[in-house]
Amino acid sequence: MIDLIEEIKDLKKAKNATLLAHYYQEGDIQELADFTGDSLKLAREATKVKTPVIVFCGVHFMAETAKMLNPEKKVLLPDLQAGCSLAESCPAEKLLRFQEMLRENGRRFQTVTYINSSAAVKALSDWVVTSGNAEEIIRRVPADQEILFVPDRHLGQYLTEITGRKMILWNGACIVHEIFSVGDLLTLKRQVPAGITVAHPECPANIREHSDFVGGTEAMLKYIGGFADQKDFLVATEANMMWQMQHKFPQHRYHPVPGITCACNKCPHMARNTLEKVRDCLMYGRPEIEWQPEFARAREVVTRSLLN
Ligand code: SF4
(Lines give C-alpha, C1' and ligand atoms only; values in the text may rest on other atoms or scores of the structure.)
Protein backbone atom coordinates (compact mmCIF):
# COMPACT_ATOMS: atom_id res chain seq x y z
CA MET A 1 0.00 0.00 0.00
CA ILE A 2 2.80 2.46 0.93
CA ASP A 3 4.62 1.47 -2.28
CA LEU A 4 1.47 2.06 -4.31
CA ILE A 5 0.99 5.50 -2.78
CA GLU A 6 4.61 6.44 -3.52
CA GLU A 7 4.22 5.12 -7.07
CA ILE A 8 1.16 7.34 -7.61
CA LYS A 9 2.98 10.40 -6.23
CA ASP A 10 5.94 9.75 -8.58
CA LEU A 11 3.67 9.18 -11.59
CA LYS A 12 1.70 12.32 -10.82
CA LYS A 13 4.94 14.33 -11.04
CA ALA A 14 6.28 12.47 -14.06
CA LYS A 15 3.03 12.89 -16.03
CA ASN A 16 2.49 16.47 -14.84
CA ALA A 17 -0.99 15.66 -13.57
CA THR A 18 -3.35 17.21 -11.01
CA LEU A 19 -5.52 14.89 -8.96
CA LEU A 20 -9.00 16.07 -8.00
CA ALA A 21 -11.01 13.93 -5.56
CA HIS A 22 -14.63 14.13 -4.46
CA TYR A 23 -15.45 13.95 -0.75
CA TYR A 24 -17.15 10.58 -1.37
CA GLN A 25 -13.88 8.89 -2.37
CA GLU A 26 -12.05 6.63 0.09
CA GLY A 27 -9.81 8.53 2.53
CA ASP A 28 -6.55 7.23 1.00
CA ILE A 29 -7.53 8.74 -2.38
CA GLN A 30 -8.58 12.05 -0.77
CA GLU A 31 -5.23 12.09 1.06
CA LEU A 32 -3.36 11.90 -2.27
CA ALA A 33 -5.43 14.56 -4.01
CA ASP A 34 -4.25 18.06 -4.86
CA PHE A 35 -7.82 19.28 -4.32
CA THR A 36 -10.83 17.74 -2.59
CA GLY A 37 -14.35 19.08 -2.72
CA ASP A 38 -18.00 18.68 -3.63
CA SER A 39 -19.16 18.91 -7.25
CA LEU A 40 -19.29 22.72 -7.26
CA LYS A 41 -15.88 23.21 -5.65
CA LEU A 42 -14.27 20.66 -7.96
CA ALA A 43 -15.87 22.19 -11.07
CA ARG A 44 -14.42 25.54 -10.01
CA GLU A 45 -11.00 24.02 -9.15
CA ALA A 46 -10.94 22.30 -12.55
CA THR A 47 -10.89 25.72 -14.26
CA LYS A 48 -7.72 26.69 -12.34
CA VAL A 49 -5.64 23.59 -13.05
CA LYS A 50 -2.30 24.45 -14.69
CA THR A 51 -1.09 20.94 -15.60
CA PRO A 52 -1.99 19.33 -18.97
CA VAL A 53 -3.48 16.24 -17.27
CA ILE A 54 -6.35 16.01 -14.75
CA VAL A 55 -7.12 12.77 -12.94
CA PHE A 56 -10.68 13.04 -11.73
CA CYS A 57 -11.42 10.73 -8.80
CA GLY A 58 -15.18 10.93 -8.78
CA VAL A 59 -17.95 9.75 -11.11
CA HIS A 60 -18.46 10.12 -14.85
CA PHE A 61 -20.61 13.28 -14.92
CA MET A 62 -18.01 15.10 -12.78
CA ALA A 63 -15.14 14.17 -15.11
CA GLU A 64 -17.31 15.25 -18.07
CA THR A 65 -17.80 18.63 -16.40
CA ALA A 66 -14.03 18.97 -15.89
CA LYS A 67 -13.47 18.15 -19.58
CA MET A 68 -16.07 20.59 -20.89
CA LEU A 69 -14.42 23.36 -18.84
CA ASN A 70 -10.93 22.31 -20.00
CA PRO A 71 -11.28 21.14 -23.62
CA GLU A 72 -7.53 21.33 -24.22
CA LYS A 73 -6.61 19.14 -21.23
CA LYS A 74 -6.48 15.40 -20.95
CA VAL A 75 -9.09 14.37 -18.35
CA LEU A 76 -8.75 10.85 -16.98
CA LEU A 77 -11.33 8.94 -14.94
CA PRO A 78 -9.81 5.89 -13.18
CA ASP A 79 -12.91 3.78 -13.96
CA LEU A 80 -15.18 4.80 -16.86
CA GLN A 81 -18.00 2.72 -15.38
CA ALA A 82 -18.18 4.97 -12.31
CA GLY A 83 -21.70 6.28 -12.96
CA CYS A 84 -24.44 7.78 -10.80
CA SER A 85 -27.98 6.58 -10.17
CA LEU A 86 -29.28 10.14 -10.40
CA ALA A 87 -27.63 10.82 -13.76
CA GLU A 88 -28.89 7.47 -15.07
CA SER A 89 -32.47 8.21 -14.01
CA CYS A 90 -32.69 11.01 -16.55
CA PRO A 91 -31.65 10.02 -20.09
CA ALA A 92 -31.42 13.01 -22.45
CA GLU A 93 -33.90 11.60 -25.03
CA LYS A 94 -36.52 11.07 -22.33
CA LEU A 95 -36.04 14.59 -20.96
CA LEU A 96 -36.29 16.07 -24.47
CA ARG A 97 -39.60 14.23 -25.10
CA PHE A 98 -40.98 15.45 -21.78
CA GLN A 99 -39.95 19.06 -22.49
CA GLU A 100 -41.60 18.87 -25.94
CA MET A 101 -44.79 17.51 -24.41
CA LEU A 102 -44.87 20.39 -21.88
CA ARG A 103 -44.32 22.96 -24.66
CA GLU A 104 -47.03 21.40 -26.84
CA ASN A 105 -49.37 21.81 -23.86
CA GLY A 106 -48.57 25.52 -23.72
CA ARG A 107 -46.53 25.36 -20.53
CA ARG A 108 -43.84 28.03 -20.10
CA PHE A 109 -40.99 26.74 -17.99
CA GLN A 110 -37.27 26.77 -17.37
CA THR A 111 -35.35 23.55 -16.81
CA VAL A 112 -33.20 23.60 -13.68
CA THR A 113 -30.85 20.63 -13.59
CA TYR A 114 -28.89 19.25 -10.68
CA ILE A 115 -25.22 18.84 -11.60
CA ASN A 116 -25.58 15.05 -11.15
CA SER A 117 -26.63 14.61 -14.79
CA SER A 118 -25.02 13.85 -18.12
CA ALA A 119 -23.59 16.56 -20.37
CA ALA A 120 -26.41 15.83 -22.86
CA VAL A 121 -28.99 16.64 -20.15
CA LYS A 122 -27.10 19.77 -19.08
CA ALA A 123 -27.18 20.87 -22.74
CA LEU A 124 -31.02 20.70 -22.64
CA SER A 125 -31.17 22.88 -19.52
CA ASP A 126 -31.48 26.56 -18.69
CA TRP A 127 -29.59 26.24 -15.41
CA VAL A 128 -27.29 23.74 -13.73
CA VAL A 129 -27.24 23.78 -9.93
CA THR A 130 -25.50 22.08 -7.03
CA SER A 131 -26.89 21.68 -3.54
CA GLY A 132 -24.70 24.71 -2.69
CA ASN A 133 -26.27 27.23 -5.11
CA ALA A 134 -29.67 25.69 -6.00
CA GLU A 135 -31.71 27.97 -3.74
CA GLU A 136 -30.13 31.11 -5.21
CA ILE A 137 -30.74 29.96 -8.81
CA ILE A 138 -34.36 28.93 -8.10
CA ARG A 139 -35.01 32.45 -6.78
CA ARG A 140 -33.66 33.87 -10.08
CA VAL A 141 -36.21 32.06 -12.26
CA PRO A 142 -38.94 34.60 -13.20
CA ALA A 143 -42.22 34.06 -11.33
CA ASP A 144 -44.20 33.82 -14.60
CA GLN A 145 -42.26 30.67 -15.60
CA GLU A 146 -42.73 27.19 -14.17
CA ILE A 147 -39.70 25.20 -13.07
CA LEU A 148 -38.94 21.72 -14.34
CA PHE A 149 -36.42 20.35 -11.81
CA VAL A 150 -34.38 17.29 -12.78
CA PRO A 151 -33.34 14.65 -11.84
CA ASP A 152 -33.50 14.51 -7.99
CA ARG A 153 -37.06 14.58 -6.64
CA HIS A 154 -35.90 14.80 -3.00
CA LEU A 155 -33.68 17.82 -3.60
CA GLY A 156 -36.49 19.36 -5.67
CA GLN A 157 -38.98 18.81 -2.87
CA TYR A 158 -36.56 20.32 -0.35
CA LEU A 159 -36.10 23.38 -2.59
CA THR A 160 -39.87 23.79 -2.83
CA GLU A 161 -40.06 23.71 0.98
CA ILE A 162 -37.42 26.43 1.44
CA THR A 163 -38.29 28.72 -1.50
CA GLY A 164 -42.05 28.19 -1.74
CA ARG A 165 -41.70 27.62 -5.53
CA LYS A 166 -43.79 24.72 -6.83
CA MET A 167 -41.93 22.62 -9.37
CA ILE A 168 -42.47 19.87 -11.87
CA LEU A 169 -40.21 17.16 -10.40
CA TRP A 170 -38.40 14.46 -12.33
CA ASN A 171 -38.69 11.10 -10.58
CA GLY A 172 -35.00 10.42 -9.85
CA ALA A 173 -33.18 9.67 -6.60
CA CYS A 174 -29.72 8.85 -5.31
CA ILE A 175 -29.46 5.19 -4.31
CA VAL A 176 -27.24 6.10 -1.37
CA HIS A 177 -29.21 8.96 0.13
CA GLU A 178 -32.61 7.42 -0.49
CA ILE A 179 -32.00 4.38 1.67
CA PHE A 180 -31.22 5.97 5.02
CA SER A 181 -33.45 4.30 7.55
CA VAL A 182 -35.56 6.66 9.63
CA GLY A 183 -36.08 3.90 12.23
CA ASP A 184 -32.32 3.45 12.63
CA LEU A 185 -31.81 7.22 12.77
CA LEU A 186 -34.27 7.44 15.67
CA THR A 187 -32.51 4.53 17.43
CA LEU A 188 -29.16 6.28 16.94
CA LYS A 189 -30.64 9.50 18.33
CA ARG A 190 -31.69 7.61 21.47
CA GLN A 191 -28.19 6.09 21.78
CA VAL A 192 -26.50 9.49 21.31
CA PRO A 193 -29.08 11.88 22.82
CA ALA A 194 -26.89 15.00 22.52
CA GLY A 195 -26.05 14.15 18.90
CA ILE A 196 -26.59 16.76 16.20
CA THR A 197 -28.02 15.30 12.98
CA VAL A 198 -26.76 16.65 9.66
CA ALA A 199 -28.39 15.47 6.42
CA HIS A 200 -27.81 16.01 2.72
CA PRO A 201 -30.78 17.49 0.80
CA GLU A 202 -30.72 14.40 -1.46
CA CYS A 203 -32.19 12.54 1.56
CA PRO A 204 -35.97 11.98 1.62
CA ALA A 205 -38.20 14.27 3.69
CA ASN A 206 -38.59 11.71 6.52
CA ILE A 207 -34.82 11.93 7.22
CA ARG A 208 -34.59 15.69 6.71
CA GLU A 209 -37.40 16.40 9.14
CA HIS A 210 -35.47 14.64 11.93
CA SER A 211 -32.30 16.59 11.18
CA ASP A 212 -30.87 19.66 12.87
CA PHE A 213 -29.11 20.81 9.71
CA VAL A 214 -29.76 20.16 6.02
CA GLY A 215 -27.13 21.15 3.48
CA GLY A 216 -24.70 20.00 0.81
CA THR A 217 -21.27 18.69 1.76
CA GLU A 218 -19.48 22.08 1.80
CA ALA A 219 -22.31 23.60 3.84
CA MET A 220 -22.09 20.66 6.28
CA LEU A 221 -18.36 21.23 6.77
CA LYS A 222 -18.97 24.91 7.43
CA TYR A 223 -21.72 24.13 9.92
CA ILE A 224 -19.65 21.53 11.81
CA GLY A 225 -16.64 23.84 11.81
CA GLY A 226 -18.74 26.39 13.69
CA PHE A 227 -18.66 24.21 16.84
CA ALA A 228 -15.41 24.69 18.79
CA ASP A 229 -16.19 22.25 21.64
CA GLN A 230 -16.47 18.50 21.12
CA LYS A 231 -19.85 17.41 19.73
CA ASP A 232 -21.37 14.21 18.39
CA PHE A 233 -22.66 14.42 14.83
CA LEU A 234 -25.03 11.89 13.28
CA VAL A 235 -24.21 12.01 9.60
CA ALA A 236 -26.76 11.27 6.85
CA THR A 237 -24.67 11.42 3.71
CA GLU A 238 -22.21 9.17 1.91
CA ALA A 239 -20.00 7.55 4.55
CA ASN A 240 -16.61 8.66 3.15
CA MET A 241 -17.61 12.23 3.90
CA MET A 242 -16.77 11.44 7.52
CA TRP A 243 -13.09 11.09 6.57
CA GLN A 244 -13.10 14.73 5.45
CA MET A 245 -14.99 15.79 8.61
CA GLN A 246 -12.55 13.92 10.86
CA HIS A 247 -9.61 15.35 8.93
CA LYS A 248 -10.80 18.96 9.17
CA PHE A 249 -12.46 18.91 12.60
CA PRO A 250 -10.92 16.08 14.67
CA GLN A 251 -12.33 17.50 17.92
CA HIS A 252 -15.77 15.99 17.16
CA ARG A 253 -17.15 12.44 17.02
CA TYR A 254 -19.02 11.26 13.92
CA HIS A 255 -21.66 8.53 13.72
CA PRO A 256 -22.95 7.28 10.33
CA VAL A 257 -26.73 7.08 10.00
CA PRO A 258 -27.35 3.49 8.84
CA GLY A 259 -29.10 2.57 5.61
CA ILE A 260 -31.97 0.11 5.24
CA THR A 261 -29.99 -2.40 3.24
CA CYS A 262 -26.38 -1.68 4.09
CA ALA A 263 -24.86 -0.19 7.22
CA CYS A 264 -22.04 1.57 5.42
CA ASN A 265 -23.87 3.87 2.98
CA LYS A 266 -20.97 4.06 0.58
CA CYS A 267 -21.61 4.95 -3.03
CA PRO A 268 -20.85 1.87 -5.16
CA HIS A 269 -20.06 4.07 -8.17
CA MET A 270 -17.50 6.17 -6.30
CA ALA A 271 -16.03 2.96 -4.89
CA ARG A 272 -15.08 1.79 -8.40
CA ASN A 273 -12.10 4.14 -8.26
CA THR A 274 -9.31 2.38 -6.37
CA LEU A 275 -5.67 3.27 -5.76
CA GLU A 276 -4.65 0.61 -8.30
CA LYS A 277 -6.89 2.18 -10.97
CA VAL A 278 -5.55 5.66 -10.14
CA ARG A 279 -2.02 4.32 -10.65
CA ASP A 280 -2.94 2.59 -13.91
CA CYS A 281 -4.71 5.56 -15.44
CA LEU A 282 -1.69 7.76 -14.70
CA MET A 283 0.65 5.15 -16.11
CA TYR A 284 -1.27 4.46 -19.35
CA GLY A 285 -3.08 7.79 -19.88
CA ARG A 286 -6.52 6.19 -20.05
CA PRO A 287 -9.50 5.85 -19.64
CA GLU A 288 -9.91 9.34 -20.99
CA ILE A 289 -13.04 11.51 -21.28
CA GLU A 290 -13.31 12.40 -24.95
CA TRP A 291 -14.86 15.67 -26.13
CA GLN A 292 -18.48 15.22 -27.29
CA PRO A 293 -20.49 17.66 -29.46
CA GLU A 294 -23.01 18.38 -26.67
CA PHE A 295 -20.20 19.58 -24.35
CA ALA A 296 -20.13 23.04 -26.00
CA ARG A 297 -23.78 23.88 -25.15
CA ALA A 298 -23.46 22.19 -21.72
CA ARG A 299 -20.39 24.30 -20.98
CA GLU A 300 -22.34 27.52 -21.68
CA VAL A 301 -25.03 26.50 -19.18
CA VAL A 302 -22.53 25.35 -16.54
CA THR A 303 -20.42 28.51 -16.89
CA ARG A 304 -23.44 30.82 -16.62
CA SER A 305 -24.85 28.91 -13.64
CA LEU A 306 -21.81 27.99 -11.58
CA LEU A 307 -18.86 30.08 -12.55
CA ASN A 308 -20.17 33.61 -13.20
S1 SF4 B 1 -23.74 9.22 -3.88
FE2 SF4 B 1 -25.63 9.14 -5.14
S3 SF4 B 1 -25.66 11.10 -6.22
FE4 SF4 B 1 -23.56 10.79 -5.49
S5 SF4 B 1 -22.51 9.76 -7.19
FE6 SF4 B 1 -23.28 8.14 -5.82
S7 SF4 B 1 -25.28 7.58 -6.72
FE8 SF4 B 1 -24.71 9.58 -7.60
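The structure we're discussing is the one just above.
Keep in mind that what you see is a predicted model, and the values were worked out from it rather than measured.

**Q** I tried to follow the packing of helix α4 (residues 60-69) against helix α15 (residues 295-307) on my own but got confused; where do I start?
**A** A pair of packed helices is characterised by two quantities: the angle between their axes and the separation of those axes. With their axes 9 Å apart at the nearest point, α4 and α15 run at an angle of 90° to one another. With respect to α15, the axis of α4 lies roughly perpendicular. Facing α4, whose interface residues are T65, K67, M68 and L69, α15 presents F295, A298, R299 and V302. Of the residues contributing to the contact of α4 with α15, the split by class is five nonpolar, one polar and two charged.

**Q** Got a minute to help me understand unusual backbone geometry in this structure?
**A** The general pattern is negative phi for most residues beyond glycine and trans for most peptide bonds. Looking along the chain, the bond that leaves V150 and enters P151 is cis, with omega of -15°. Along the polypeptide, P151 turns up in the loop between β7 (146-150) and α9 (153-163). For the peptide bond that leads from R286 to P287, omega is 0°, which places it in the cis range. Along the chain, P287 falls in the loop between α14 (275-284) and α15.

**Q** Would you explain the site of the ligand in this entry?
**A** As a structural note, the neighbourhood of the ligand is formed by 13 residues, with C84, S85, C174, V176 and C267 the closest of them. Split by residue class, the shell around the ligand holds nine nonpolar, three polar and one charged.

Procedures and definitions
Residues numbered from 1 in each chain as written. Predicted model: local features only at pLDDT ≥ 70, side-chain atom pairs only at ≥ 80, totals over all residues. Axes fitted to C-alpha atoms, helices over the stretch in contact; angles between N-to-C directions. Helix = DSSP H or I, 4+ residues; strand = E, 2+ residues; numbered from the N terminus. Parallel < 35°, antiparallel > 145°, perpendicular 65-115°, else oblique. Contact = placed C-beta atoms within 7 Å. Nonpolar A, V, L, I, M, F, W, Y, C, P; charged D, E, K, R; others polar. Near = placed C-beta within 6 Å.

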